[in-house]
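Commentary on secondary and tertiary structure
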Amino acid sequence: LSVSGANFPLTLNPNQTATLNVQFAPTTASAATGAVTISSNASRGVITVALSGTGTAVATPQLTVNPTNLSFGDVTTGTTSTLSVTLTSTGTEAVTITSAVVSGAGFSVSGSGFPLTLNPNQRATLNVQFAPTTASAATGTLTVSSNASRGIITVALNGTGTAVATPQLTVNPASLSFGTVTVGTTSTLPVTVTSTGTAAVTITSAVVSGTGFSVSGANFPLTLNPNQTATLNVQFAPTAASATTGTLTISSNASQHATIAVALSGTGTAVATPQLTVNPASLSFGNVTVGTTSTLPVTLTSTGAAAVEISAATMSGTGFSVSGASFPLTLNPNQTVTLNVQFAPTTASAATGTLTISSNASRGIITVALRGTGTAVATPQLTVNPASLSFGSVTTGSTSTLPVTLTSSGTEAVTITSAVVSGAGFSVSGAGFPLTLNPNQTVTLNVQFAPTTASAATGTLTVSSNASQHATIAVALSGTGTTASTLQLTVSPPALSFGDVTAGSNATLGVTLTSSGTAAVRINSATISGAGFSLSGASFPVTLNPNQAITLQVMFAPTASGAMTGNLTISSNSSTNATVTVSLSGTAVQHQVELRWNAPNSTSDPTTGYNIYRATGSSTSYQRLNTSLYVSTDYTDSTVQSGTTYSYYVTSVDAAGAESDASNQISLTIP
C-alpha cells in the first residue's frame, strides 16, 4: 500500500479540496489490510481511512504432455502399432498448441489439427503410429510447440521392426533305408516333420511311391505350430526278393521347399525256412543198476530264420523213455527245449535204442542213438530230500508245515527204523516206524513248526535206516516265531439315545470307530435302519491303521411324534465282532399351546363365536389363527416351535359380526 497526489504540509482554504491517490500493489496472492492516517489542525485532528485488498496470482498458460516417451516394442514389418499421447492444459488460462511434429523413420502422428486451444484442465489425445518397413531398431521424436511457459516439449519414440512370420518345414531324415526285409513281413521306420518357421505350416499331403512302400501316422491337411512336430510311419512290405526304391513326397505351404522328397530303399529277401538242431547226436548211459533210472538231456534248438514245428519225439529200445515236452511243439528262431531221456534197465544186460524227432525243418527226421548197460548190484539206499528246511517267519500260535521226501534209491528194499525231531516248536508226522520202502518207493514226512515265542529256533530231523550208506541222515531245521498281528475294531458308544427331539427338528450324536489291534482293519460298510435316523461322516470301504479312528455322525430327525428305534450296523474284517450293531433310540415330541377362557356373562349382546390372535417373538403384529369363527372356549395351537416366544389374545364376535375389544394378553416361550 502507498499514497501519492500531494505534498505536505498542505494548506486548504475553506471549500478547497485536494485528492490523494492510494495504490495497492500486492506481491503475494493473499489478503492485505492497511490504513491512511491524516493529521491536521482541524477540530478532529487525526482521521483514519481503513484500506483492504487481495492479491491474486498472475494467470499463465501451462501444457503437460504424458507420457514423455513411447516404446512400441517389436512390430512386424508391414503392420502398424499405435500408442497415445495426452496433452493437458494445466495452467490458469487457455494454452494454444501451434504444432505437433514427428521425426524418425516409420513414425507418424494424428488425432488433432493445429493450432489447437485447450482451456484450463481440457485435454486432447494424439495417436502416434509406428509402421516399420525394415527389420531393425528405430528411434524418433514427437515435438509439441505451444505458448506455454515451456514452449517446446519433446516425447522420445522407439520401436523395433521384426521380420514377417513365415511357415517353414523340416523333414528328418532325408532318406530311409530299410535294409533287408523278409518277403511277407513288414518293417516300419519313422519320418519326423517339424514346423521350423515363425508361423504355422500346413502339410497338405504325404504321398508314397514305389512297390511295397506305404505311409501312415497322420491325417491331412495337418497344421503344425512353430516348433511342433509330427511323426509319419513309413512301411516296407516287400512282395518279391529284390531291391526296391521309392519316394515319400511331402507337400506344404512352407515359404521354401514347399515340396520335400524323402528317398526310400529296401531289399526283399526270401521267406525264412525252419531249421532244427539236436544236441547231442547220441547218448551213452553207461552202467545203470537194475531198478533205478538214469536221465540225460537232449536239447532241441530252432536255428533257422522261421519257427520250427516239432510234431513228435518217439522212443525205441527196451528201458528207454523220454519226457520234458508235449507235442506238437513250436519253437521260434533261437528258442530251445530240453528233452529228458531216461534209461531204467530191468535186466542186467546191454541195451540200445533210438530217439526219433520229426519236424517241418528242412531235415525232417533226426535220430539220436541210445545205449546203456543194466547192472545187478542190489543194495538198500535211502535218499532224503531236501537236506534242510527253512520255515521263515511263522506267527506264534500258528503252525507251518513243510514236506520231506524219503526215497528207496537202491536196488533192494530199505527199512527206515525212525524219524526223530529235536528243537523247540518242531514236530514230525506222516508215517509210522519201522517202515519198509521197496526200490523207487517214496514216503513223505510232514515237518511242523509251531512257535510259542517270538524268537529264532533251530532243530534237526534225524532219519535212521538200514541203508548201506548214510544209515543216519540229519535234516537241519530253522524258523523264526513272530508276534501275531490282530485285526480289532472298537465301536464306541455301543448305543445312542437321543432322548426327546421335537418333531420337525433334528439332533446329532457321534459314534467313534477305532482300529485297536496291531494290524490295519478294513471297515466294509456302515448301514442304518429305523425311521428318522440317517448317517454321515465317512465313505466305505475305509481302512484304519492301528490306533487310527473315524467318527460317524448319526442324525435323528423325526417327522411324527412317538418313540422310535433303529440300528447302526458296522461290518469289518475284525478278527472278533466282524459285525457290530449300535442300537439307536429317540422320542419325537410335539409342542402345543392350549388356551382356555370364560365366555362374557354380563352383556346384553349374545356372543356367537371367538377369534384367536397370535404374535411371534417381540413382534406386536398379531395374526388371526382361526380361519372361521371359533365357537368353543378352548383352543389348541399345534404350530409352535421350540425356543420361540408367542403372545395370544381372544376377542368375542356377536351375530352381526361386531368384534369386541381384545382380552388380556398372555406370553409364553416354548421349551
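Residues numbered from 1 in each chain as written. Predicted model: local features only at pLDDT ≥ 70, side-chain atom pairs only at ≥ 80, totals over all residues. Heavy atoms only, no water.

**Looking at the sheet that holds strand β29 (residues 336-343)**
Pairing is antiparallel across the open sheet formed by 4 strands, whose spatial order is β23-β25-β29-β27. Edge positions in the sheet fall to β23 (276-279) and β27 (320-323), since each has one partner strand and no second. If you compare each strand with its neighbour and ignore which way they point, the axes differ by 25 degrees on average. The pairing of β27 with β29 spans 4 bridges and is classified as antiparallel. Across the sheet, residue Ser321 finds its bridge partner in β29, namely Gln342. (Pairing = 2+ DSSP bridges. Helix = DSSP H or I, 4+ residues; strand = E, 2+ residues; numbered from the N terminus. Axes fitted to C-alpha atoms, helices over the stretch in contact; angles between N-to-C directions.)

**Brief notes about the pattern of salt bridges**
Evaluation of the coordinates by the stated rule reveals 2 salt bridges. Glu594 is the salt-bridge partner of Arg596, the closest N and O atoms lying 3.5 Å from each other. Taking the shortest distance from any N to any O, the salt bridge between Asp637 and Arg614 comes out at 2.7 Å. Separated by 23 residues along the polypeptide, Asp637 in strand β53 (residues 634-637) and Arg614 in strand β51 (residues 607-616) bring together distant segments of the chain. (Salt bridge = Lys/Arg side-chain N within 4 Å of Asp/Glu carboxyl O.)

**What about the environment of Ser638?**
Relative to the helices and strands, Ser638 resides in the loop between β53 and β54 (645-654). Relative accessible area serves as the criterion here: at 39%, Ser638 is assigned to the partly exposed category. Excluding residues that lie within four positions of it along the chain, Ser638 makes contacts with Gln590, His591 and Gln592. Polar contacts involving the side chain of Ser638 include one to the side chain of Gln592, which spans 3.4 Å. (Buried < 20%, exposed > 50% of the residue type's maximum accessible area, 1.4 Å probe, protein only. Contact = heavy atoms within 4.5 Å. Polar contact = N/O pair within 3.5 Å; in protein donor to acceptor, adjacent residues only side chain to side chain.)

**What about unusual backbone geometry?**
The phi angle of most residues is negative, glycine excepted, and most peptide bonds adopt the trans form. Cis peptide bonds are those with omega within 30 degrees of zero, and the linkage from Asn385 to Pro386 qualifies with 5 degrees. Within the secondary structure, Pro386 is located in the loop between β32 (382-385) and β33 (388-395). A cis geometry characterises the amide bond from Ser492 onward to Pro493, with omega recorded as -5 degrees. Looking at the element boundaries, Pro493 is found in the loop between β41 (489-492) and β42 (495-502). Unlike most non-glycine residues, Asn15 shows phi in positive territory, near 70 degrees. Within the secondary structure, Asn15 sits in the loop between β1 (2-4) and β2 (21-23). Overall, the relative accessible area of 81% leaves Asn15 in the exposed class. Despite not being glycine, His257 shows a phi value in the positive range, around 55 degrees.

All we've got here are geometric facts, nothing functional implied.
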